[in-house]
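Commentary on secondary and tertiary structure
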Amino acid sequence: MSSLNDLTAAYTLYQQETHIRTALDLIRQLHLAGKAEDAIDLALKWSERAQEPIARAQLAYYMSCLGMLAPAEAILQEVLPQVELDDDTYYQVRLELSIVKYCLGKFYEARQLQRPLHSSRWSEVWSRLGSHNRDNSWFLPYKDKVLYDQPVAGKTILITSEGGAGDLLHFFRYVKNLQQEGAAQIYCQVPAAMQSLIAHSRLPIVIVDHSFVGMDSCDIITGVFSLFTRYQKSPYFPSADEAYIGLVAHYVLPAGIQEKLAARGGGRRRIGLVWRSETRVRHEPFRSMDLQALAPLLASVDADFFSLQVGTLSEIEKQLLEQHHVVDLAPELRSFEDSAHVLEQLDLLLTIDSAPAHLAGARQRPVWLMLAQSCDYRWYDCQRFTPWYSSMRLYRQAALGDWGAVVAAISADLSS
């Protein structure tokens, strides 16, 4: 998040030295401060004035983050051939162009751009860009083990930690594809909070953590995003027609959660709530929402609401939960396995783009997803239906930062 001091400093410098570099910094600070309209206006102003390819590519990146997809696509397509001799820049521009095309619903064009970036050659570039001081010496011994087009039959595979918990839950669907191809053993790095869930999920994997030392003995190494481009050859297939994360029977939730759920057992609908993310990805601060935006819904919809919002709540959030009689389950949640079993007892999860959204989808539990106008590329340009999860409905902003129409639409649908 941008502080007021950072934004003020960027604005002052832009006034003193008006050029593309200070403009880019001001756009960035406006974006981080949640001032979408001002950031969009400034980006449009510089879209014709910026000339140098790298500066234009960076401007297009900020445009993409602000939901300005068509102009971002045009700039990136223009810049891509101009930077092809610089591997690092070419990789970043090509990846961003693929992201923009996914967001525009151009799945096949996007995949054609993104898929080769998971090859051994481009994985080396990726590892360099993501390493401290661009020192990727840790990766080079494993370069030839990167999964791309080679067969996996009889091979031992390591799925490395990549992205967040939601990404893992989303792409665990491809483990069955590796198994169907005949993989001999599949290891996967899984964060501690998710290990009990995956251990009981009936997925054919061996769980390891980040300290796993068996990379040398594995035949193939991959990340979940590479599995996405390997197996997802259309927006619709392969699809997850059934829940692909299993649960154990007779699981015992913490006593505090059981008591809170039992206290609201009057036959009304039970709706879970998640309104912000604890992570800081490119779509923040717009991916998350202020709990106050949900107040009209909480006040008008006849249902029992339960907060699954992890992390420290602000005093204002605590007051709003109390005011609208929302039961806070989060303090008693110990793991994703607890969350999954709570979802089994709710009628609906209402959430922003988050790991709980993917958990509900992977379990085929009803989930309504509140999407910012500029959101993760995997939601494509879908408005209500998503091919990822049959139990999910999308509610997407029309204007970046405006949750009012989204909340009104959900309130109407819940009341009808």
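Let me begin by describing the structure that accompanies this report. The structure displayed is predicted, hence computed values, not measured ones.

1. Thoughts on the environment of A165
On the secondary structure map, A165 appears in helix 9 (residues 165–171). In the structure, A165 is positioned 64 residues away from T229 in sequence and 19 Å away in space, judged by C-alpha atoms. Among residues more than four places away in sequence, those in contact with A165 are M194, F336 and A355.

2. Some remarks on the nonpolar core
Ranked by internal contacts, the top residues of the largest apolar core, which has 135 residues, are F172, L178 and L197. Among the elements that line this core, the one with the most residues is helix 6 (residues 87–103), at eight residues. Each residue touching F172, except ones within four places of it in the same chain, is listed here: C188, V190, M194, I198, L203, I205, Y244 and I245. Of all hydrophobic cores here, the second largest spans seven residues; its members include Y142, V208, F212 and C218.

3. What to know about the packing of helix 4 (residues 53–65) against helix 6
Packing of helix 4 against helix 6 leaves a shortest axis separation of 11 Å and a crossing angle of 30°. If you check the angle between helix 4 and helix 6, you find them roughly parallel. The hand of the helix 4/helix 6 crossing is left-handed. Taken together, the residues of helix 6 that come into contact with helix 4 (itself represented by I54, A57, Y61 and S64) are T89, V93, E96 and V100. In the contact of helix 4 with helix 6, the residues fall into five nonpolar, two polar and one charged.

4. Here's the deal with the sheet that holds strand 3 (residues 206–208)
Strand order in the open sheet made by the four strands is 3-2-1-4, with parallel pairing throughout. A strand with exactly one partner marks an edge of an open sheet, and here the two such strands are strand 3 and strand 4 (220–222). Strand after strand, the sheet turns through a mean of 25° between neighbouring axes, direction not considered. By the bridge criterion, four bridges tie strand 1 (residues 156–159) to strand 2 (residues 185–189) in an arrangement that is parallel. Note that in strand 2 the partner of I159 across the bridge is C188.

5. Quick look at unusual backbone geometry
The general pattern is negative phi for most residues beyond glycine and trans for most peptide bonds. A cis amide bond links F237 to the next residue, P238, at an omega of 0°. Along the chain, the position of P238 falls in the loop between helix 12 (224–231) and helix 13 (255–263). Residue P285 follows E284 across a cis peptide bond; omega there is 10°. For P285, the position within the fold is in the loop between strand 5 (270–274) and helix 14 (295–300).

6. Quick notes on helix 2 (residues 20–32)
For helix 2, which comprises 13 residues, the first-to-last C-alpha distance of 18 Å matches the rise-based estimate of 18 Å (1.5 Å per residue) to within 8%. Every buried residue belonging to helix 2 is among I20, T22, A23, L24, L26, I27, Q29, L30 and H31, and all of these are buried. Looking at the buried positions of helix 2, the neighbouring elements they touch are helix 1 (4–16), helix 3 (36–46) and helix 4. Just past helix 2, the residue G34 takes up positive phi, approximately 80°.

7. Brief notes about the packing of aromatic side chains
Applying the stated criterion across every chain yields a total of 20 aromatic pairs. Residues Y102 and Y380 carry aromatic rings whose centres are separated by 6.2 Å and whose planes lie at 25° to one another, so their mutual orientation is stacked. Of this pair, Y102 sits in helix 6 while Y380 sits in the loop between strand 9 (367–371) and strand 10 (392–396), placing them 278 residues apart in sequence. The burial state of Y102 is the same as that of Y380; both residues are buried. Chaining the aromatic ring pairs together yields one cluster made of Y102, F107, Y108, F171, Y174, F225, F228, Y231, Y377, Y380 and W388.

About the cut-offs
- Residues numbered from 1 in each chain as written.
- Predicted model: local features only at pLDDT ≥ 70, side-chain atom pairs only at ≥ 80, totals over all residues.
- Heavy atoms only, no water.
- Helix = DSSP H or I, 4+ residues; strand = E, 2+ residues; numbered from the N terminus.
- Contact = heavy atoms within 4.5 Å.
- Core = buried A, V, L, I, M, F, W, Y, C linked by side-chain atoms within 4.5 Å.
- Buried < 20%, exposed > 50% of the residue type's maximum accessible area, 1.4 Å probe, protein only.
- Axes fitted to C-alpha atoms, helices over the stretch in contact; angles between N-to-C directions.
- Parallel < 35°, antiparallel > 145°, perpendicular 65-115°, else oblique.
- Left-handed = near helix turned anticlockwise from the far one by under 90°.
- Nonpolar A, V, L, I, M, F, W, Y, C, P; charged D, E, K, R; others polar.
- Pairing = 2+ DSSP bridges.
- Expected span 1.5 Å × (residues − 1).
- Phe/Tyr/Trp six-rings, centres within 6.5 Å; stacked < 30°, edge-to-face > 60°.

So yeah, pure geometry; function would need other evidence.
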